[in-house]
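What follows is the residue order along each chain.
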Amino acid sequence: MKINQNYGNLAESYLFSTIGKKVNAFTAAHPEREVIRLGIGDVTLPLARPVIEALHAATDEMAEKATFRGYGPDQGYDFLRTALQAEYARHGVALELDEIFVGDGAKSDVGNILELFDADNTVLVPDPVYPVYVDTNVMAGRRILYASATRENDFLPMPDACVRADIIYICSPNNPTGAAYTRAQLKAWVDYANENDAVLLFDAAYERFITEPDVPHSIFEIDGAKTCAIEFCSLSKTAGFTGTRCSYTVVPMALKRGGTKLNAMWLRRQTTKYNGVSYIVQRAAAAVFTDAGRQATGEAIAYYRANAAMIAAALNEAGVWYCGGKNSPYLWMECPGGMASWDFFDYLLEHAGVVGTPGAGFGARGEGYFRLTGFGDAQKTKRAAQKLREAAAALQSR
Ligand code: MLT
């Protein structure tokens, strides 16, 4: 038999697994030291009260013969998809219910959607970016081109008429840089994709962190997007569902490639390989979009934003260059003293007990940068910000 040789082209382990192993080794060696984790973007606040109440109520329903549910509908329950449809309408986007697919995470769907495309397609990925886009295409053996996201272009690469790609990833607000495309910039990508028969895979996982009016929450706010884009969004970061798991993917009916509707292909793929998110979790997800749910999850977002502001203040005081934090929970800082990003990771862990994510883990262009998240506990983030300031100042004066 032959195994998939493409796996041999991957880094030995997934970025956040590597970080987890390094941190575990450090804590085992120094059990007396406090370690503050601002590496992986994992939430720390409990689920919102309306979400918990919905979970309890749905659990009780499952305990009674009359209200028990077995397999759910293919694309998710109507009560949730209707709530999602209304959520999109708030941003001026009209969707048909059958364009919305409920899933267990943007990460899974971003990876699985690739089954719709031949391995011969060329992929365009921003560098740096969320490593799942690259790794999943490496697994499939696709040719990958990189769009450089640098300080010069505000970490927002624009289409290049000389570059021909079939599958294009856009993450806005961006993980890891926090940069977010404006309406006009996204229009340029939509036009490029339509002109080149390409598909945009738009990751909107951080849309609830947007504060600027000119930054769209959905690619479908842009004219022409329904003939070229698929959107992924998740409740992980917007409503604290990292451990609860629920996401949604929008595949417009108007999106056709090779004469085939991608919506029909995705439905075929999902019904064959996936049995959906549990009833209980879908009820919890629907509660996020009630007035009370929106209010409570909004408070959590404000808490994480305040954390990001604390880190930003520390970086300002230390005179360290950074961006992000404005439309995003992430801050993207330059490593002080010209350090390489994994060296700074080791230094910060060793000297300050603070965990971040090395920029190089997000791509070659991420070298020399470092990502910190606002998703931590506020008190711990305050201590981490203080330690970060001291460490950065010490490194800069070396
Ligand atoms: C991150 O830290 O980049 C994210 O938490 C990873 C993810 O969403 O899978």
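Predicted model only: the values in this text are computed from it and were never measured.

> Sorry, what's going on with the sheet that holds strand β7 (residues 229-234) here?
Hydrogen bonding along the main chain pairs the strands of a sheet, whether they run parallel or antiparallel. Spatially, 7 strands are ordered β2-β8-β7-β6-β5-β3-β4 in an open sheet, and the strand pairing comes out mixed. Looking along the sheet, the strands with just one partner apiece sit at the ends: β2 (100-103) and β4 (143-148). In this sheet, neighbouring strand axes are inclined to one another by 20 degrees on average, regardless of whether the strands run parallel or antiparallel. Sheet topology note: the strand β3 (residues 122-127)/β4 ladder contains 6 bridges and is parallel. Note that in β4 the partner of Val 125 across the bridge is Tyr 146.

> What should I look at first to understand helix α10 (residues 291-318) in this one?
Three or four residues apart is the spacing at which side chains of an α-helix point the same way, because the helix has 3.6 residues per turn. For α10, spanning 28 residues, the distance from its first C-alpha to its last is 41 Å, which sits close to the expected 40 Å at 1.5 Å a residue. With its phi angle positive at about 70 degrees, Gly 319 sits one or two positions after the end of α10.

> Is there a simple way to think about the sheet that holds strand β11 (residues 322-324) in this case?
Read from one edge of the open sheet, 4 strands run β11-β12-β15-β14, paired in antiparallel fashion. Strand pairing shows two members of the sheet lacking a second neighbour, β11 and β14 (357-358), which therefore form its edges. Two strands pair when backbone bridges link them, and strand β12 (residues 330-334) and strand β15 (residues 369-373) are joined in this way by 5 bridges, in the antiparallel orientation. Its bridge partner lying in β15, Met 333 is registered against Phe 370. The sheet contacts of α10 involve β11, β12 and β15, and relative to β12 the element is tilted by about 15 degrees.

> Whenever I open this one, the packing of aromatic side chains confuses me. Can you help?
The relative placement of two aromatic rings is captured by the distance of their centres and the angle of their planes. What the rule picks out here adds up to 23 aromatic pairs. With centroids separated by 5.2 Å and ring planes inclined at 75 degrees, the aromatic side chains of Tyr 77 and Tyr 279 adopt a geometry described as edge-to-face. Separated by 202 residues along the polypeptide, Tyr 77 in the loop between α2 (49-62) and α3 (78-90) and Tyr 279 in helix α9 (residues 279-288) bring together distant segments of the chain. Per residue, the accessibility class of Tyr 77 equals that of Tyr 279, and both read buried. Note on Phe 101 and Trp 266: the rings are 6.4 Å apart at their centroids and 70 degrees apart in plane angle, and the pair reads as edge-to-face. Of this pair, Phe 101 sits in strand β2 while Trp 266 sits in helix α8 (residues 262-273); the two residues are 165 residues apart in sequence, bridging distant segments of the chain.

Definitions and cut-offs
Residues numbered from 1 in each chain as written. Predicted model: local features only at pLDDT ≥ 70, side-chain atom pairs only at ≥ 80, totals over all residues. Heavy atoms only, no water. Pairing = 2+ DSSP bridges. Helix = DSSP H or I, 4+ residues; strand = E, 2+ residues; numbered from the N terminus. Axes fitted to C-alpha atoms, helices over the stretch in contact; angles between N-to-C directions. Expected span 1.5 Å × (residues − 1). Contact = heavy atoms within 4.5 Å. Phe/Tyr/Trp six-rings, centres within 6.5 Å; stacked < 30°, edge-to-face > 60°. Buried < 20%, exposed > 50% of the residue type's maximum accessible area, 1.4 Å probe, protein only.

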